[in-house]
Amino acid sequence: MIDKNRIPKHIAIVMDGNGRWAEKKKLPRIAGHNAGMLAMKEIVKKCSMLDIENLTVYAFSTENWKRSVEEVGGIFKLLVIYIEKELKELHENNVKVKVLGDYKKLPKEAIASIEKTLEITKDNTGLCFNIALNYGSRAEILRAFKLISKELSDGKLNIENITEDTISNNLYTKDIPDPDLFIRTSGEKRLSNYLLWQSAYSELVFSDVLWPEFTPEELEKAIMEFQNRKRRFGGR
Ligand code: IPE
Ligand code: IPE
Ligand code: MG
C-alpha cells in the first residue's frame, strides 16, 4: 500500500513506448500516440487524487523533430484534440497547466490551444501539470546561460552573485521543485535529455511497461518503489 504521508511532491515521467505498442498491435505509430494520450489522461487524474503537487511529462523532445513529418504533425494534432477535450475537466479539477520548452515553434493551432489552457488554468491551486513540449535539457540550460549573460552585460547581475539558484531560476522549471521520482517506461534506461539539472537527486524508476499500458496501478507500483528507497542526498 502507498504511504499517504510520504507521497512524492513531484513526479517526472518519460512517456516512452508508444511506437512499440502500436507495432505490437500492427497499428500505425500514430495510433500508439493516441493510446499514449489516453494513458496520460488517467495518470493526470490519479496524480490529482493522490494530492501530488507536480506532474511533469515528456511529450515531445527537441530531438523528436527528427521523426517523419506525418508523425510529428500527428502528435501535435493529438495534443490539440487532448486539450480541447480535457480542458474543461482539468479546470474543474483545479489543475494548473504549465508548458516547459520552446512551444512557440509548434504549429499555430497547437500554440493557440496551449495559450488558452495556460490562461484559463493559471490561478488553479491543485495539481500542477507540466507538459514538456519541444523540450530538451541542453537547450534549456543554453537558454538559461544566455538569459544570465544578458543580465551580466546589462549590469543587473555581478559574477560573484551567480549561484545555483540563479541557474535554477532561469530554467523553464523555475518555481517548480526538483522531481523526487523520475519514471521512464518501455524498458529504456536513459534520460534522453530530460530534466538533467533538476533530477540530480531524483529517484529513478524504470518500468518495462509500454506507455499506453502504464495504468494508475503501475504508477502506484512506482510510488511504492520510491517509498522503499533510502534517500541520502550525499549525507550519511
Ligand atoms: C514516446 O513514444 C512518445 C514520443 C517520443 C512522442 P515513442 O514514439 O518514442 O515510442 P517508441 O520508443 O518508438 O516505442
Ligand atoms: C524521449 O523518448 C522523449 C519523449 C518521451 C517525448 P524518445 O523515444 O524520443 O527517446 P530515445 O530516442 O529513445 O532516447
Ligand atoms: Mg521512444
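Just above, that's the structure.
About the cut-offs
Residues numbered from 1 in each chain as written. Chains lettered and ligands numbered in written order. Predicted model: local features only at pLDDT ≥ 70, side-chain atom pairs only at ≥ 80, totals over all residues. Heavy atoms only, no water. Helix = DSSP H or I, 4+ residues; strand = E, 2+ residues; numbered from the N terminus. Polar contact = N/O pair within 3.5 Å; in protein donor to acceptor, adjacent residues only side chain to side chain. Buried < 20%, exposed > 50% of the residue type's maximum accessible area, 1.4 Å probe, protein only. Phe/Tyr/Trp six-rings, centres within 6.5 Å; stacked < 30°, edge-to-face > 60°. Pairing = 2+ DSSP bridges. Axes fitted to C-alpha atoms, helices over the stretch in contact; angles between N-to-C directions. Contact = heavy atoms within 4.5 Å. Disulfide = S-S within 2.5 Å. Parallel < 35°, antiparallel > 145°, perpendicular 65-115°, else oblique. Left-handed = near helix turned anticlockwise from the far one by under 90°. Nonpolar A, V, L, I, M, F, W, Y, C, P; charged D, E, K, R; others polar. Near = heavy atom within 4 Å. Areas by Shrake-Rupley, 256 points an atom, 1.4 Å probe, with all protein chains shown as cover.

1. Things to note about the side chain of Ser186
Turning to step 1, where the next piece is worked out: By the secondary structure assignment, Ser186 is in the loop between strand 5 (181-184) and strand 6 (203-206).
Turning to step 2, where the next piece is worked out: A polar contact of 2.9 Å, which involves the side chain of Ser186, links it to the side chain of Arg20.

2. Comments concerning unusual backbone geometry
Turning to step 1, where the next piece is worked out: Positive phi values are uncommon outside glycine, yet Asn134 reaches one of about 50°.
Turning to step 2, where the next piece is worked out: Of note, Asn134 is situated in strand 4 (residues 128-135).
Turning to step 3, where the next piece is worked out: Note on Asn134: relative accessible area 8%, which makes it buried.
Turning to step 4, where the next piece is worked out: Not every positive phi belongs to a glycine, and Phe233 is a case in point at roughly 50°.
Turning to step 5, where the next piece is worked out: Here Phe233 shows up in the segment after helix 7 (216-227).

3. Some details on the packing of aromatic side chains
Turning to step 1, where the next piece is worked out: Inspection of every chain in the model, using the stated rule, returns 10 aromatic pairs.
Turning to step 2, where the next piece is worked out: Both rings, one in Tyr58 and one in Tyr194, keep their centres 4.1 Å apart while their planes meet at 10°; by these two values the pair is stacked. Residue Tyr58 is located in strand 2 (residues 54-61), and its partner Tyr194 is located in the loop between strand 5 and strand 6; the two are separated by 136 residues in the primary sequence. No difference in accessibility class separates Tyr58 from Tyr194, as the two residues are buried.
Turning to step 3, where the next piece is worked out: A centroid spacing of 5.4 Å and a plane angle of 50° characterise the contact between Tyr201 and Phe233, whose relative ring orientation is tilted.

4. Observations concerning the sheet that holds strand 3 (residues 96-100)
Turning to step 1, where the next piece is worked out: If you trace the 6 strands from one edge of the open sheet to the other, you get 3-4-2-1-5-6, paired in parallel fashion. A strand with exactly one partner marks an edge of an open sheet, and here the two such strands are strand 3 and strand 6. Averaged over all neighbouring strand pairs, the angle between strand axes comes to 20°, with direction disregarded.
Turning to step 2, where the next piece is worked out: With 5 bridges joining them, strand 3 and strand 4 adopt parallel strand pairing. Counted as the bridge partner of Val99 is Ile131 from strand 4.
Turning to step 3, where the next piece is worked out: Lying on the sheet, helix 4 (residues 108-121) is in contact with strand 3 and strand 4; it crosses strand 3 at an angle near 135°.

5. Observations concerning the environment of Ala132
Turning to step 1, where the next piece is worked out: As for its position among the elements, Ala132 is in strand 4.
Turning to step 2, where the next piece is worked out: Ignoring sequence-local partners within four residues, the contact set of Ala132 consists of Val57, Tyr58, Ala59, Phe60, Leu100 and Tyr194.

6. Some remarks on the state of the cysteines
Turning to step 1, where the next piece is worked out: Taken as a whole and judged by the stated rule, the model has 0 disulfides.
Turning to step 2, where the next piece is worked out: Cys128 provides the cysteine sulfur closest to Cys47, a residue in no disulfide bond, and the two sulfurs are 12 Å apart.

7. A short note on the packing of helix 3 (residues 69-92) against helix 4
Turning to step 1, where the next piece is worked out: One way to put it is that helix 3 packs onto helix 4 with a least axis distance of 10 Å and a crossing angle of 10°. Classified by the angle their axes make, helix 3 and helix 4 are roughly parallel. Across the interface between the two elements, Leu79, Val80, Ile83, Glu84, Leu87 and His91 of helix 3 pack against Glu109, Ala110, Ser113, Ile114, Lys116, Thr117, Ile120 and Thr121 of helix 4.

8. What to know about the packing of helix 2 (residues 29-49) against helix 7
Turning to step 1, where the next piece is worked out: Viewed as axis vectors pointing N to C, helix 2 and helix 7 meet at an angle of 50°, and their least axial separation amounts to 9 Å. Between helix 2 and helix 7, the angle is such that the two are oblique. When you trace helix 2 past helix 7, the crossing you get is right-handed. Only Pro216, Leu219 and Glu220 of helix 7 make contact with helix 2, whose side of the interface consists of Glu42, Ile43, Lys46 and Cys47.
Turning to step 2, where the next piece is worked out: Its residues assigned to classes, the contact of helix 2 with helix 7 shows 4 nonpolar, no polar and 3 charged.

9. Details of the site of ligand 1
Turning to step 1, where the next piece is worked out: Near ligand 1 you find 13 residues, and of these Asp16, Gly19, Arg20, Arg29 and Arg67 are the closest.
Turning to step 2, where the next piece is worked out: Within the backbone of Gly17, an N or O atom sits 3.4 Å from an oxygen atom of ligand 1.
Turning to step 3, where the next piece is worked out: Contact distances for ligand 1 include 3.1 Å between an oxygen atom and a backbone N or O atom of Asn18.
Turning to step 4, where the next piece is worked out: Expressed as a share of its isolated accessible area of 380 Å², the protein-covered part of ligand 1 is 86%.
Turning to step 5, where the next piece is worked out: Of all the secondary-structure elements, those providing two or more residues to the shell around ligand 1 are helix 1 (18-24), helix 2 and helix 3.

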